[in-house]
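# Residue-level structural notes
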Amino acid sequence: MKTPVKSLMTGSPIAIDADTSALAGLDLMIEHGFRHLPVTNADRRVVGVVSLEDLRAAFPIPVSLRRPPSAEQRAELRDLPIAEVMSYAPQTVTAEVALEDAVRQLAEQRIGCLPVVDGDGRLEGIFTESDALQALATVLFTDEVRERRAGGAAAPGPGDLVARLRDEHARLAAKLQGYERHEQDLTALRREIPLDIPEQASDVTEAGLTEGLADLAAKRLHDLEHALERAEEGSLEICEGCGGAIAPGRLRVLPGTTVCVDCARESEAR
Ligand SMILES: [Zn+2]
């Protein structure tokens, strides 16, 4: 049986009302570190989605999850409702949809999240590009375990960090190549069907606004490359902040990091 999207979605997600201010939406995103919020009506039916990118495009101030707007900026933004900046009637999935279909939908439509709804369109969960990346990682590691079993080799221990990073790098590079080939096919198809100028413009804007799954995978690939380079130099597990050790488990999850968890916490707090 195929894994359903509910296995990786966030259940009972925080949603926002369409008549709330967009500023309140930004506050929620900053508070929880979310890049997307489903917008619901009084029945908790999904009527839209608002993303951090939407707010970036709409607000006349720099928008960041790290820095809340100042009091003056807040005064400037107070009257803009969510309904004016959200995407209406977003694509949704039900909780039983196969995970791989949801991932494909995110990647192909270049959208950042899929609200998960019940049969009446009521919000049950949200599945985002970060969840999709996690799904991708799970698939990669499951392949890895299966291949090792088939080959009779033992699963790598924590001491095999570099071997595991190298493995993940090879797998991810192969997957990305496949994805890019598919993208090129799509681009070629688009060229054959000429769009008029406004349509082309919105096409470009949308592609630029959404941090697609492939972009995230490419970033991860870059992090892995960086980690492998530092492993060659013998500096992979040395914290750039305090000179202490970076735990292998941390590097496994965040191969791009160059600081230990204590130093990372300190710089977050600053
Ligand atoms: Zn440190």
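Before reading further, recall that the structure is shown in the block above.
Here's a quick rundown of the structure. Note that the structure is predicted; figures quoted are calculated from it, not measured.

Moving on to the overall build of the chain. Helix and strand counts for the chain stand at 10 helices and seven strands. Sorting the 270 residues of the chain into buried and exposed places 36% on the buried side. When the accessible surface of the chain is summed, it comes to about 15400 Å², and 52% of that surface belongs to carbon and sulfur atoms.

Within the protein, the atoms that donate to the zinc ion are Cys239 (SG), Cys242 (SG), Cys260 (SG) and Cys263 (SG), at distances of 2.3 Å. Taken together, the four donor atoms coordinating the zinc ion span angles of 104 to 115 degrees at the metal, a pattern that classifies the geometry as tetrahedral. Written as a sequence motif, the donor arrangement for the zinc ion is C-x2-C-x17-C-x2-C. The same class applies to Cys260 as to Cys263, namely buried.

Attention now moves to a negative patch on the surface. A cluster of acidic residues, Glu225, Glu229, Glu232 and Glu233, forms a negative patch at the surface. By secondary structure assignment, the location of Glu232 is in helix H8 (residues 213-233).

Right, let's talk about the pairing of strand S3 (residues 36-40) for a bit. Extensive coverage of S3 is indicated by the burial of five of its five residues. In S3, alternate side chains face the same way, and those of His36, Pro38 and Thr40 on one face and Leu37 and Val39 on the other are all buried. Where strand S2 (residues 16-17) meets S3, two bridges bridge the pair, whose relative direction is parallel. Considered in S3, the bridge of Asp17 is made with Thr40. Bridge count between S3 and strand S4 (residues 46-51): five bridges; the pairing is antiparallel. Paired with Val39 across the strands is Gly48, a residue of S4. Between S3 and the antiparallel strand that follows it, S4, lie five residues; Arg44 among them carries a positive phi value of about 65 degrees.

Here is what the cut-offs are and how they apply
Residues numbered from 1 in each chain as written. Predicted model: local features only at pLDDT ≥ 70, side-chain atom pairs only at ≥ 80, totals over all residues. Heavy atoms only, no water. Helix = DSSP H or I, 4+ residues; strand = E, 2+ residues; numbered from the N terminus. Buried < 20%, exposed > 50% of the residue type's maximum accessible area, 1.4 Å probe, protein only. Areas by Shrake-Rupley, 256 points an atom, 1.4 Å probe, with all protein chains shown as cover. Donors = N, O, S within 2.8 Å, 3.2 Å for Na, K, Ca; no water. Tetrahedral: all angles 85-135°; square planar, octahedral: opposite > 155°, others 65-115°. Patch = residues over 30% accessible without salt bridge, like charges linked within 9 Å, V, L, I, M, F, W, Y side chains within 5 Å. Salt bridge = Lys/Arg side-chain N within 4 Å of Asp/Glu carboxyl O. Lys, Arg positive; Asp, Glu negative; His and termini not counted. Charge placed at Lys NZ, Arg CZ, Asp CG, Glu CD. Pairing = 2+ DSSP bridges.

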